[in-house]
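Structural description and commentary
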Amino acid sequence: MKISFLLNNRELSIDVPSDRRVVDILREDLASTGTKEGCGAGECGACTILVNGESRLSCLMLAAQLVGCSVTTIEGIAAGDALHPVQEAFVEQGAVQCGFCTPGMVLATLDLLRRHPGPDRSAIRQGLSGNLCRCTGYQKIIDAVERVAQSTTKEKTS
Ligand code: FES
Ligand code: FES
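Worth saying up front: this structure is predicted, and the values here are computed from it rather than measured.

**Details of the pairing of strand 2 (residues 10-15)**
Examined bridge by bridge, strand 1 (residues 2-7) and strand 2 share six bridges and lie antiparallel to one another. When the bridges of strand 2 are listed, Ser4 appears paired with Ser13. Taken together, strand 1 and the strand that follows it, strand 2, pair antiparallel across an intervening segment of two residues, in which Asn8 is found at a positive phi of about 50°.

**Quick notes on the nonpolar core**
Buried together is how nonpolar side chains tend to be arranged in soluble globular proteins. Grouped together as the largest cluster of nonpolar side chains are 24 residues, with contacts concentrated most on Val86, Phe90, Met105, Leu128 and Ile141. At the level of secondary structure, the elements contributing two or more residues to this core comprise helix 2 (85-92), helix 3 (102-115) and helix 5 (138-157). In this view, Phe90 contacts Ala95, Val96, Thr102, Met105, Val106, Thr109, Ile141, Ala144 and Val145; residues no more than four positions away in its chain are not counted. Within the second largest apolar cluster, 16 residues are counted, among which are Phe5, Leu12, Ile49 and Val71.

**Things to note about helix 3**
Compared with the 20 Å implied by 1.5 Å per residue over 14 residues, the 20 Å span of helix 3 between its first and last C-alpha is a close match. Judged by how many residues are buried, helix 3 sits mostly within the fold: twelve of 14 residues are covered. Restricting attention to buried positions, one finds in helix 3 the residues Thr102, Pro103, Gly104, Met105, Val106, Leu107, Ala108, Thr109, Leu110, Asp111, Leu112 and Leu113.

What counts, and at which threshold
- Residues numbered from 1 in each chain as written.
- Chains lettered and ligands numbered in written order.
- Predicted model: local features only at pLDDT ≥ 70, side-chain atom pairs only at ≥ 80, totals over all residues.
- Heavy atoms only, no water.
- Pairing = 2+ DSSP bridges.
- Helix = DSSP H or I, 4+ residues; strand = E, 2+ residues; numbered from the N terminus.
- Core = buried A, V, L, I, M, F, W, Y, C linked by side-chain atoms within 4.5 Å.
- Buried < 20%, exposed > 50% of the residue type's maximum accessible area, 1.4 Å probe, protein only.
- Contact = heavy atoms within 4.5 Å.
- Expected span 1.5 Å × (residues − 1).

Next up, the structure:
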């Protein structure tokens, strides 16, 4: 089937089987390899993308579900050479070890901050509970998200 959607604000029309998984479309058809596949079964969060701003697992989505949607992957959040503030916080807090979980963690963080601005550590832990880090770098990941949450809250109140 022919599907049209926005990928990182770029209009795309591609021909794919309607049951092709979105993670395969991104990684194999569109060379958007920042999206990772871990479990392939909806349990690790490595394949997290944003669809119309909401966090979704691309290993559980099929091509037909993309029609008319706006998809954001990790490749689409920096502004030119400037990292997104969430990416910057992950780097500054040393929240990246092997980096496999990082794209999914960062996108899940964007969704968390959209739904729940200014989360405390417990809300961050809860909000990212669907994203696993095999390097078990959770403390630093939470530090990074807390830092962004605090700076966003500060910006809003100043
Ligand atoms: S690869 Fe999609 S949730 Fe693990
Ligand atoms: S940094 Fe290696 S899986 Fe999280």
